[in-house]
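Listed below, chain by chain, are the residues.
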Amino acid sequence: MKNLIKTLKNIWSIEELRSKILFTLVLTAVYRVGAHIVLPGINPVALEQFSKANQSGILDLINTFAGGAFNQASIFALGIMPYITASIFIQLMTVLVPSFQKMQKEGESGRNKINQITRYLTVAVTLVQAFAYIAYLHQTAGPAIVAGYGSFNFTLTTVVVLTSGTLFVMWLGEKITDKGLGNGTSLIIMVGILARLPQALTQELAFRSTRTGDILIFIIEIALYIAINLGCIVLVQGVRKVPVNYAKQIVGNRQFGGARQFLPLKVNAAGVMPIIFAQAIMFVPTLFTMGSKNADLGRMFTDHTNGWYMLIYATVVIGFTFLYTALIFNPKQIADNLKQNNGFIPGVKPGQPTTDYIGTIMDRITFPGAVLLALVGILPGIIQKIFGMTQGFAMFFGGTSLLIMVGVILDTLQQVETQLMMRQYDGLMKSGRIQGRQSSSAIQI
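Every residue gets a number counted from 1 within its own chain, in the order that chain's sequence is written. Residue-level local features of this predicted model are given only where pLDDT is at least 70; pairs of side-chain atoms are given and counted only at 80 or more, and the full residue set underlies all totals for whole chains, interfaces and linings. As a convention, hydrogens and water are excluded, and side-chain values are obtained from all of the structure's heavy atoms.

1. Brief notes about unusual backbone geometry
The general pattern is negative phi for most residues beyond glycine and trans for most peptide bonds.
Next up, step 1: Unlike most non-glycine residues, asparagine 183 shows phi in positive territory, near 50 degrees.
Next up, step 2: Relative to the helices and strands, asparagine 183 resides in the loop between helix H8 (152-179) and helix H9 (184-208).
Next up, step 3: For asparagine 183, a relative accessible area of 31% corresponds to the partly exposed category.
Next up, step 4: Positive phi values are uncommon outside glycine, yet asparagine 342 reaches one of about 60 degrees.
Next up, step 5: Counting from the N terminus, the helices are DSSP H or I runs at least four residues long and the strands are E runs at least two residues long. Tracing the chain through its elements places asparagine 342 in the loop between helix H14 (331-340) and strand S5 (343-344). Here the term buried applies to any residue with accessible area under 20% of the maximum for its type, exposed to any over 50%, and partly exposed to those in between, with areas from a 1.4 Å probe on protein chains only.

2. Considerations on the packing of H9 against helix H17 (residues 399-422)
Next up, step 1: In this description, a line fitted to the C-alpha atoms serves as the axis of each element, helices being fitted only across the stretch in contact, and the angle between N-to-C directions of two axes falls anywhere from 0 to 180 degrees. Where H9 meets H17, the closest approach of the two axes is 9 Å, and the angle between their N-to-C directions is 125 degrees. Classified by the angle between their axes, H9 and H17 sit oblique to one another. For the pair H9 and H17, the crossing hand works out as left-handed. Residues Ser186, Leu187, Ile189, Met190, Ile193 and Leu194 of H9 form the contact with H17, whose participating residues are Ser401, Ile404, Met405, Val408, Ile409 and Thr412.
Next up, step 2: Residue polarity follows a fixed list, in which Ala, Val, Leu, Ile, Met, Phe, Trp, Tyr, Cys and Pro are nonpolar, Asp, Glu, Lys and Arg are charged, and the others, Gly among them, are polar. Across the contact of H9 with H17, the residue classes break down as nine nonpolar, three polar and no charged. An angle below 35 degrees is read as roughly parallel, one above 145 as roughly antiparallel, one from 65 to 115 as roughly perpendicular, and any other as oblique. For a crossing to be left-handed, the near helix must be turned anticlockwise from the far one by less than a right angle; the clockwise case is right-handed. In what follows, a contact means two residues having at least one pair of non-hydrogen atoms within 4.5 Å.

3. Side note on the pattern of salt bridges
Next up, step 1: Here, a salt bridge means any side-chain nitrogen of Lys or Arg that lies within 4 Å of a carboxyl oxygen of Asp or Glu. According to the stated counting rule, one finds seven salt bridges in the structure shown.
Next up, step 2: Its salt-bridge partner being arginine 208, residue glutamate 204 comes within 3.0 Å of it at the nearest N-O pair. Here glutamate 204 pairs with arginine 208, and both are found in helix H9, just four residues apart, close to one helical turn.
Next up, step 3: Take glutamate 204: its relative accessible area is 0%, and that puts it in the buried class.

Below is the structure:
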């Protein structure tokens, strides 16, 4: 406890770090306030009874990323999701389209061009999703909740407000990245997820308090939740270290190189992206089964406690993990960089043999990583089926919520520890160092 207080004093004594923390807290507070401001023409009291009945598939994913604002019909209802969609599309373009690859290699100017294209694409995606959101409100909530639905003024006002809200949230994320603790968009998502945790925890406690002896089950659930978080940390930070030697170079009387280093290959290089893609894919069949005789088939793709859902979901996650890892990980580029810097893997020839060696190792460690990622994705359904807990609390035991929370918290802690170590203070831990996520393990935003 004494070391914790000392560390907190050290953090507060660094003016730059203190200003970054305060700046981040202020902007996240602004985001949370906006998440509770209801759209014009919406009856929040009547809307509340429908919010719990419409949390499944990709809609629940959007609501998670929006910090609950989606079901509350807030001005930030679409949250940061359109920006994430645009960022994912542009990221894939930088892998598949040569012109985008060339732009990415142009340094700072190229990144600025890509960011500008991403912003324009975000506006287009937001406009489409805003119209879809109006239709969603009409279908799920009914005309009694949406005042003046169908009128041009209501539609225009709602589209403008939703688009402006998303762009404002995007601006908040960029400002946090520039002047705050970094990874602004990811921090906004994490804050939205954590904002739902106290309510879910309270509901679960109230649910367990109705019967004698269920409090013990609640304590077991909390202990299990902590253990799952620890396991998720291992999954996020797990790497395979490939030894790399650098040839010695003697220039005049000075020697350069000759050091032995390691090439860290992440077990979960794809990060949270396979789970996001899998949830989107699982939601597609429900679009064709709504209101039809195949409603049972539709429920199979939305009920995360269903055995078939878990099997299909896990298979899709494993497949997308290999696909996405192949898109973002380029063994040939790594081998070329090693060769250019006079580096080599002991016992492996430079060039194509190094490319094949790195690719083989990556394939071997990606499989267990994909299986563990699939397990994390279906854990909420398994936990809810075993313990019979509330769905809101079960969602924190795995899936997108858990991975984003763990990844962003670790990355933020690394930023703070880096600032402490630069000023010769002790880090946040007595032994070891916090390993931050590589950019490929997070959502590319």
